[in-house]
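# A structural walkthrough
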Amino acid sequence: MSAGHTMREWWTKALLQESHSAHPVLGNDLYVKVDGQVVTLEGTVESADQAEEIEAEARAAAPQHEIVNRLTVVGNDETQHNQAVLALFGNADEARVAAQTVSAWKWHGDRVPEVHKGVREARRRLRELAESARVPSDSLEDLVDAIRNGKALLIDRVPEDEAVRIISSLEGTRAQCIRTLPPEPDSLG
Amino acid sequence: MHPNAPSGTRLPWLSRTKVTVKKAESLPEDPGRTLRRVVRVAGPGIITGGADNDPAGITTYSSVGASSGFSQLWLLVLSIPLLIAVQGVAARLGAVTKLGLAELIRNEFGMTVALAAGSLLVVANIATIGADLVGMAAVLQLLTGVKLILFIVPLVVVMGYVTIFQNFKTIQRLFLWLIAVFLTYVAAGILAHPHWGSVLLQIVVPPIRLNLTYVSGAVALLGTTITPYLFFWQTAGEREERRGVEQMGDTYLDVTAGMLMSNLVAGFIMISTGATLFAHHQSVNTAAQAAHALRPVAGPAASVLFSIGILGSGFVAIPILAVSTGYALSGTFGWRMGLGRQAFAAPGFYSVIALSLLAGVQLAISGFSPIKALLYSQILNGIVAPPLLVVIILLATRSRLMGAYVATVWERAGVIAAAAIMGLADLALLYNAVR
């Protein structure tokens, strides 16, 4: 029996009855939960590529369903730098809701992003991040001004491959502006 | 180690990857190694190179080859470093910021600039989709004898289905396979039996002429090779590829291979029409006409290969045109976007893709002359490209955005030169139009 056939069979079973078993090819422990039109993937994988591969398989197996990928990546890719994702919100409540949404999407653990509404604390944190990312420290002052005008700032410092995912999840929230700092040259893997 | 990743032992998967990399580094130099590396890193760069030679582009190359022979091949050689610089900087923006070009323009220059760039791009892209669709349908008519209008809707249904309902990796794999179709142009060029000595001589010592045919051909050539929709695609493609800055070398290899392939194919198209149609004083206005005209002078095989190339090029370029429109508008308005998402998770993005395909169909079946659509799309692309290149280089040199990864001196020089040449080409076009 081919690997492709075994995999299709595994997905068919997993989608019919909620399953918690080893993936036939990758061997990782996966939990596939089906709730109406939503298929949620949980469990641990060893790389972001594996997480994507499994998500693509789920999509192919259940094209009419929404796939929610809550897999956790437990390996460290030593070629990825850390990078800060910044998002401005109208108020702190909106930012906190977004922070919860983002944490559910994370591959590397589920640490909730920071939310800042205080000017002094935000400035201190932004200067730290600017230094790590080697950008001029005063270049983030517009964000501090926005906080002074009542906005709230969400900050998430994540590996580069996860930054794309965090940005994607923020696009579905009430973020008024999404920015990033460049990858931190000294924070490899 | 990542700040929020659990500590622990290395996993077998990662260890295996690491060992492979070390082994590859210790291998002695051999000619096949670079090629194998290109195949491994093939991604948005190669696809961009393929999309650069869309049916509208093939029409331009065929027409210039038929009217000027080999005398403008040098322009393709000259544009290679410029193309690599432009697409390399677009890729760099995506790899460093993880944002799309439209988002970056909106964040850094405001909504008005983003909307202006986005609107012009939408019009230019739709005109190009229309022209490309007619180009593909005309070739199918040539091959089957069935009226071209009957092919337009089925073609769009197939391309729309693949783009909207397949994920990024699947689409990317499909595009990479389709790009192999471009080898047909190399074969068509060889079958045309050009005088290779003359080809080489005219590249090295270009016979520049300052007449209208030559200048407008040069403008069209440059306008076809450096096109705005590819800037948006490249930046977004790099983001979806999720290569980090440590893989920037792979990104550059991918872009360089893509641009070399793009201009090599363009060169062979010009060689095949230059060796045959130019020699027989035959001019052509469409790619299908070129394929048809090749039959008596280069043989049926060259004609069929040429036709297959046009079809394959359309299957790569039209979805990319529609997707880059989606990226531009979604980035401008802050909508969810990405081919990595399912259609219902990014409704705005996929609606723009679907609507731009439908608008292209409307244009293609409306009876609007495909040659005019092609001409207008080239003029629009030519107008949009220089200011957009200026915006791109301003973004890529902004230290608050790029930090330690700002564009290199060579990249800056290449993009500025491309913007200047494109600007001069626009002025030449304007001068000719007024005169």
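For the structure itself, consult the block above.
Residues numbered from 1 in each chain as written. Chains lettered and ligands numbered in written order. Predicted model: local features only at pLDDT ≥ 70, side-chain atom pairs only at ≥ 80, totals over all residues. Heavy atoms only, no water.

## A closer look at a nonpolar patch on the surface
As a reminder, the rule being used: Surface patches are drawn from residues lacking salt bridges whose relative accessible area is over 30%; two like charges belong together within 9 Å, two nonpolar side chains (Val, Leu, Ile, Met, Phe, Trp, Tyr) within 5 Å. Under the convention used here, a 1.4 Å probe and the Shrake-Rupley method define accessible areas, while residue burial counts only the protein chains that appear. Salt bridges, as used here, are contacts in which a Lys or Arg side-chain nitrogen is within 4 Å of a carboxyl oxygen on Asp or Glu. Numbering of helices and strands runs from the N terminus; a helix is a DSSP stretch of H or I covering at least four residues, while a strand is a stretch of E covering at least two.
Together, Met-111, Leu-115, Phe-333 and Trp-335 of chain B line one region of the surface with nonpolar side chains, adding up to about 330 Å² of accessible area. Position of Met-111 of chain B relative to the elements: it lies in helix α7 (residues 111–144).

## Overview of the sheet that holds strand β8 (residues 177–180) of chain A
Residue and element names in this part refer to chain A. Applied cut-off: For two strands to be treated as a pair, DSSP must find no fewer than two bridges joining them. Angles shown run from 0 to 180 degrees and are taken between the N-to-C directions of axes, each axis being a line fitted to C-alpha atoms and, for helices, limited to the stretch in contact. Whether two residues are in contact is decided by their heavy atoms: any pair within 4.5 Å suffices.
The four strands lie next to each other as β6-β7-β5-β8, forming an open sheet whose pairing is antiparallel. Because the sheet does not close on itself, it has two edges, and the strands there are β6 (114–116) and β8. Sheet twist, expressed as the average angle between the axes of neighbouring strands with direction ignored, equals 20°. Here β6 runs beside strand β7 (residues 152–159); their pairing, made up of three bridges, is antiparallel. Counterpart to Val-115 in the pairing with β7 is Leu-154. This element, helix α3 (residues 92–104), spans β5 (82–89), β6 and β7 of the sheet and lies at about 20° to β7.

## Here we look at helix α17 (residues 347–365) of chain B
Residues and elements named next belong to chain B. So the rule is basically this: By this rule, a helix spans an expected 1.5 Å times one less than how many residues it contains. For the exposure calls, accessible area comes from a 1.4 Å probe over protein chains only, and a residue counts as buried if that area is under 20% of its type's maximum, exposed if over 50%, partly exposed in between.
Helix length check: α17 (19 residues) gives 27 Å between terminal C-alpha atoms against 27 Å at 1.5 Å per residue, within 8%. When we look at burial in α17, the residues that qualify are Phe-349, Tyr-350, Val-352, Ile-353, Ser-356, Leu-357, Gly-360, Val-361 and Ala-364. If you follow the buried residues of α17, they end up packed against α7, α8 (149–165) and α16 (300–333).

## Digging into the packing of aromatic side chains
Residue and element names in this part refer to chain B. Test applied: Aromatic rings from Phe, Tyr and Trp, taking only the six-membered ring of Trp, are treated as a pair when their centres fall within 6.5 Å; an angle between ring planes under 30 degrees marks them as stacked, one over 60 as edge-to-face, and anything in between as tilted.
Overall, the coordinates contain seven aromatic pairs over all chains when judged by the stated rule. Relative to Trp-335, the ring of Phe-333 lies with its centre 5.2 Å away and its plane at 25°, an arrangement referred to as stacked. We classify Phe-333 as partly exposed; its relative accessible area is 38%. Here a set of aromatic residues connected by ring pairs shows up, and it is made of Phe-182, Tyr-185 and Phe-306.

## Quick look at the pairing of β8 of chain A
The side chains of a regular strand alternate, first on one face of the sheet and then on the other. All names here are of chain A. Covered by surrounding structure in β8 are Cys-177 and Arg-179 together with Ile-178 and Thr-180, the residues of both alternating faces. Here four bridges tie β5 to β8, and the two strands are oriented antiparallel to one another. Within β8, the position partnered with Leu-86 by the bridge is Arg-179.

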